[in-house]
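Structure at a glance
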Amino acid sequence: MTAVLEGLGVAVPQRVVTNLDLERVLDTSDEWIRTRTGIGERRVADPGVATADLAVEAGARALKSAGGGPVDMVVVATTSPDRVVPATAPEVASRIGLEPVAAFDLNAVCSGFVYALAVAAGMLDGHATQRVLVIGAETLSRITDPADRSTAVLFGDGGGAAVLRRGEPGESGAFGPFDLGSDGSMADSLAMPAGGSRRPASTSTLTGREHYMRLDGKAVYRHAIARMVASSRAALDAARLSAGDIDRFVGHQANLRILDAVADRLGIAPQRRVVNVDRYGNTSAASIPLALADAQLAPGQRVLLTAFGGGFTWGATTLTWPRLATV
Ligand code: ACO
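What counts as what
- Residues numbered from 1 in each chain as written.
- Predicted model: local features only at pLDDT ≥ 70, side-chain atom pairs only at ≥ 80, totals over all residues.
- Heavy atoms only, no water.
- Salt bridge = Lys/Arg side-chain N within 4 Å of Asp/Glu carboxyl O.
- Helix = DSSP H or I, 4+ residues; strand = E, 2+ residues; numbered from the N terminus.
- Buried < 20%, exposed > 50% of the residue type's maximum accessible area, 1.4 Å probe, protein only.
- Domains from an automatic or database assignment.
- Contact = heavy atoms within 4.5 Å.
- Buried area = accessible area lost by both parts, 1.4 Å probe.
- Pairing = 2+ DSSP bridges.
- Axes fitted to C-alpha atoms, helices over the stretch in contact; angles between N-to-C directions.

1. Some thoughts on the pattern of salt bridges
Considering all chains together, one arrives at 16 salt bridges under this definition. Residue E91 is joined to R95 by a salt bridge in which the shortest nitrogen-to-oxygen separation is 2.9 Å. With E91 and R95 both in helix α4 (residues 89-96) and four residues apart, the pair spans about one turn of that helix. For E91, a relative accessible area of 25% translates into the label partly exposed. A residue is classified by how much of its surface remains accessible, and R95, at 43% relative accessible area, is partly exposed. A network of salt bridges, in which partner residues are shared, links E6, R131, R165 and E171.

Listed below in C-alpha cells is the structure:
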C-alpha cells in the first residue's frame with residue numbers, strides 16, 4: 001500500500017504587500033530583498049482572518065478537486081495556529097463539514113507539510129484509514145515583528161491542501177518513501193521565545209517583543225541547504241531513483257538562493273526547479289502545496305519534494321504527478 005494524491009487546493013489572501021510597500025515603513029530596499037531572497041511580494045491576511053480560515057478554503061478546494069466524498073482524518077500542519085489550545089484541525093474539519101473525523105495539528109514549522117504527508121501515508125499504509133485531508137496553512141504575519149527588517153521581509157500568509165487515498169506503488173499519484181529528520185540542538189535558530197510553557201506570556205515578554213519569531217538567518221541558510229540535499233538523496237535512494245529521473249524539483253520556498261544551491265548540488269537543472277517565492281515569500285507549511293499548485297505539472301512527471309524548517313526539521317519524498325481536476 002502507498003499514499004496516492006487525488007486532490008489539491010490552495011487559498012491565499014487577496015492583499016499583496018510588495019517590497020516597495022516595505023521600503024516605506026522599514027530600513028530596507030527592493031534591491032536588498034530581491035538579491036538576498038528572490039522575494040518580490042507576499043500575501044498578508046486582513047485583520048480578523050486566521051489560519052483556520054485559509055485552511056478551510058484550501059481544504060474544501062482540495063476535496064472538490066478530489067471529487068468530494070468522505071475522509072477519515074484531517075491533519076493541519078501549521079506554525080501559526082488560531083490558538084495554542086485547542087488545535088486548529090478539529091474546527092477546520094467541522095467547518096468543511098467533515099465531523100466526526102480524527103483531526104489534529106502537526107508542527108514541524110516549514111517542513112510541516114512534508115511531515116504531514118508522511119504521517120498520512122503511514123496511516124493509510126498501516127491502519128483502517130482510507131483517505132486523509134492534509135492541510136498546510138499559515139498566517140505568519142501574526143507572529144512576525146513588523147519592525148524587524150531581518151524577518152518582516154521574508155514571510156507571507158497562505159494555505160494549501162492535498163487529499164491522499166490508499167493506493168498501489170506504481171499508480172499515478174503515488175508517493176515514494178519519505179525521509180524525515182530533526183536537530184533540536186538548533187531550536188533557538190528560528191524560534192518564538194515566549195508564549196509557551198518555557199516563557200509564558202507576561203508584561204516583560206510583551207515589552208521584549210518575544211511573541212514574534214526570531215531568526216538566525218545565516219545558521220538556517222547553511223543547514224537548510226545541507227539538510228535538504230541529504231534528505232533529497234535519501235528519498236531518491238529509497239525510491240530507487242536518481243536526480244536524473246526527476247522532472248520537477250519542488251523545494252520549500254524560503255529563499256531563491258537556497259533553492260538554487262540545493263538543485264545545483266543535486267544536479268537538477270535550473271529549469272526543472274519550481275519557484276514561486278518571488279510572489280508569496282516564505283509561507284512555511286503552506287509553501288509546498290502552493291508551489292505544487294503553481295507548477296503546472298504534467299501527468300506522469302516525477303516530482304521531488306523537500307523542505308527544511310525551524311526545529312530544525314527536514315524531509316523529502318518523491319511523487320508521480322497524477323491527472324488532477326483544477327478548482
Ligand atoms: N534590508 C536591508 N538590510 C538588511 C535586511 C533587510 N531586510 N535584513 C538584514 N539586513 C542587513 C543586516 O543588518 C546586515 O547588515 P550589516 O552587514 O551592516 O550587519 C546585512 O544586511 C547582512 O545581513 P545578513 O543577515 O548577514 O544577510 P544574509 O546575506 O545572511 O541574508 C537572509 C539574510 C536572507 C535571512 C539569509 O540569511 C537567509 O535567507 N537565510 C535563510 C533563512 C530563511 O529563509 N529563513 C526563513 C525561515 S526558516 C525556513 O524557512 C527554513
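From this point, things continue past the structure.
2. Quick look at the domain arrangement of the chain
As far as domains go, the chain holds domain 1 (2-167) and domain 2 (179-191 + 202-320). Relative to domain 2, the C-alpha centre of domain 1 lies at a distance of 15 Å. Tallying the contact residues gives 46 residues for domain 1 and 39 residues for domain 2. Per-residue buried area on domain 1 facing domain 2 is highest for C110, V114 and Y115; these three make up 19% of the total on that side.

3. Regarding the sheet that holds strand β11 (residues 248-251)
Within a sheet, adjacent strands bond to each other through the backbone by hydrogen bonds, running parallel or antiparallel. Taken together, the four strands give an open sheet; going across it, the order is β8-β13-β12-β11, and neighbouring strands pair in mixed fashion. A strand with exactly one partner marks an edge of an open sheet, and here the two such strands are β8 (179-182) and β11. Here the average twist between neighbouring strands, direction ignored, is 10°. Here four bridges tie β11 to strand β12 (residues 302-309), and the two strands are oriented parallel to one another. In the sheet register, R248 faces β12, and the bridge partner there is V303. Here helix α8 (residues 217-238) sits on the sheet in contact with β8, β12 and β13 (313-320), set at roughly 145° to β12.

4. Some points on the sheet that holds strand β6 (residues 131-139)
The strand order across the open sheet built from five strands is β1-β7-β6-β4-β5, with neighbouring strands paired in mixed fashion. Taken across any chain shown, the strands that pair with only one partner, and hence form the sheet edges, are β1 (2-11) and β5 (102-106). Ignoring strand direction, the axes of neighbouring strands in this sheet form an average angle of 20°. Pairing analysis gives five bridges linking strand β4 (residues 73-77) to β6, with the strands arranged parallel. Counted as the bridge partner of V76 is I135 from β6. Packing of helix α11 (residues 287-294) onto the sheet brings it into contact with β1 and β7 (157-167), and relative to β1 it is tilted by some 85°.

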